[in-house]
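One letter stands for each residue in the lines below.
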Amino acid sequence: VGLAVDPEDRARTWSEDAKSVLARGARAVLAHALSHFPTKRGLWMQAVELERKQGTASSLDDVLAAASERLPRVEIFWLFRAKERWLAGEIDKAREILTNAFAANPNSEAVWLAASKLEWETGEIERARVLLQRARERAPAARVYMKSALLEREEKDFKEALRLIDEGIAKYKTFAKLYMMAGQICSDDLPQSKSNLDRAKKYYQKGLEDCPTNVVLWILASRLEERMSTGVTKARSLLELARLKNQKNPELWLEAIRLERRTGNERLASTLMARALQECPSSGTLLAENIATAPRVEQKSKSVDAIKRCPEDPHVIGAVASLFAAERKREKARKWFDRAVSLNPDLGDSWARYYVFELEHGTKEQQEGVKKRCVTAEPKHGEIWTSIMKLMTNRRKTISEGIEIVAKEIQKRREKEPLN
């Protein structure tokens, strides 16, 4: 392995060699490289990835243990190992690993949050609460406050959740997620009343003062206005202000277009879409929406235009796949759905739409194949995916359960909007 390799090129050369050979040979190359460079994080990451894909649970654990021993201040190896033990049902072993991680990284936000999550997910709520309290004292951070409030929200102690959020906002006023959670607690979790909606509005207003570039906050604030007596007019003006402060933002244009559609104002929605595509001509989300909401006779031409503009965008590819499915061109649809999930495996909406297609037109084997690939990909993004999976009722759902829930939501929406 080491023959004819210049000393200064060894780490890079051996890393490249490991990528180009089969698993058995790659292990040998990496073992040799790590014997010379035992503190090279990149080599350890490569070894971990190799075992994750081609090794056993035992071989993966061995590599992670060795990596943690050699690089104790690199949190990811401790956290990955603890997660693997937890998923294998070895809760006490996971606790032991995190205890050792604490010893090496006493002020690590990531380790504190991982330890609290382990207790939280296994039903040890008081243990999780104590760990989060200690984290706020010893490793205070915005995410620590957010997770602390989320725990109380899940336990339905909304007063305590809001207290923690207020405390967090006082320390980290530019962390937008605290304002979002507070607004959602007041508008969705507490009894529906004008005073609670007004309270939610105040959180969003304060959040927009401190986080004027956060698009999600603008959208939540506009939707709240749409719900309140102020109605569409105030929501519309809020979105106009948002676009002035955050120009060339497709998400804000999309929300404005959908606001008009929700109120039955199709003409204004079409005008806004034209303006949006002038300002954001390469936005896959806008182009996909333009395909999905166009009259059927225009959908093909809009698809051609979208593919020319964004040939590798998963939103566009997914919209075209849905169009093929609606036209009963099933093999073409399957091919394009597959391409969409391959382009961005992290986009949950693509997986759910693909799964819906297979539920309606595929075999049991094809349905399970899509679901299994989705579970492996562990998607975390997607407009519908996140809106469903982040609901408090779904927070503990697995990916396998999640794709079923999101698929049903997509089918329900499609009854109103044929390509969605």
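Residues numbered from 1 in each chain as written. Predicted model: local features only at pLDDT ≥ 70, side-chain atom pairs only at ≥ 80, totals over all residues. Heavy atoms only, no water.

Novice: When you look at the side chain of Asp210 in this model, what are you seeing that I'm missing?
Specialist: Topologically, Asp210 is positioned in helix α12 (residues 194-210). Classification of Asp210 as buried rests on a relative accessible area of 19%. Separated by 2.8 Å, the side chains of Asp210 and Tyr179 make a polar contact. Residues contacting Asp210, with those up to four places away along its chain left out, are Lys173, Thr174 and Tyr179. (Helix = DSSP H or I, 4+ residues; strand = E, 2+ residues; numbered from the N terminus. Buried < 20%, exposed > 50% of the residue type's maximum accessible area, 1.4 Å probe, protein only. Polar contact = N/O pair within 3.5 Å; in protein donor to acceptor, adjacent residues only side chain to side chain. Contact = heavy atoms within 4.5 Å.)

Novice: Help me out: how do you make sense of the packing of aromatic side chains in this one?
Specialist: The geometry of an aromatic ring pair is captured by the separation of the ring centres together with the interplanar angle, meaning the angle of the planes. Scanning all chains against the criterion turns up five aromatic pairs. Here Phe324 and Trp336 contribute two aromatic rings whose centre-to-centre distance is 5.7 Å and whose plane-to-plane angle is 65 degrees, an arrangement assigned as edge-to-face. With Phe324 in helix α19 (residues 314-326) and Trp336 in helix α20 (residues 330-343), this pair connects stretches of sequence that are twelve residues apart. A relative accessible area of 17% means that Trp336 is categorised as buried. The rings of Phe337, Tyr354 and Phe357 are connected pair by pair, giving a single aromatic cluster. The ring of Trp253 is capped by Arg243, whose NZ or CZ atom sits 4.4 Å from the centre of that ring. (Phe/Tyr/Trp six-rings, centres within 6.5 Å; stacked < 30°, edge-to-face > 60°. Lys NZ or Arg CZ within 6 Å of the ring centre and 35° of its normal.)

Novice: What exactly am I supposed to notice about the environment of Ala182 here?
Specialist: Position of Ala182 relative to the elements: it lies in helix α11 (residues 176-189). Taking the C-alpha atoms as reference points, Ala182 and Tyr203, separated by 21 residues in sequence, lie 6.6 Å from one another. The contact partners of Ala182, leaving out residues within four places of it in the chain, are Leu162, Ile165 and Tyr203.

Novice: Sorry if this is basic, but what is going on with helix α17 (residues 284-293) here?
Specialist: Given 3.6 residues to a turn, an α-helix orients residues that are three or four positions apart in the same direction. The element α17 is extensively covered by neighbouring structure, given that eight of its ten residues are classed as buried. Of all the residues in α17, the buried ones are Gly284, Leu286, Leu287, Ala288, Glu289, Asn290, Ile291 and Ala292.

Novice: Would you take a moment to explain the packing of helix α22 (residues 364-377) against helix α24 (residues 399-414) for this structure?
Specialist: Packed helix pairs are characterised by how far apart their axes lie and by the angle those axes make with each other. As a packed pair, α22 and α24 sit with axes 9 Å apart at the nearest point and diverge in direction by 120 degrees. Put simply, α22 runs oblique to α24. As α22 packs across α24, the resulting crossing turns out to be right-handed. In contact with Lys371, Cys374 and Val375 of α22, α24 contributes Ile399, Ser400, Ile403 and Glu404. Partitioned by chemical class, the residues of the contact of α22 with α24 number four nonpolar, one polar and two charged. (Axes fitted to C-alpha atoms, helices over the stretch in contact; angles between N-to-C directions. Parallel < 35°, antiparallel > 145°, perpendicular 65-115°, else oblique. Left-handed = near helix turned anticlockwise from the far one by under 90°. Nonpolar A, V, L, I, M, F, W, Y, C, P; charged D, E, K, R; others polar.)

Any functional reading would require information beyond the geometric quantities listed.
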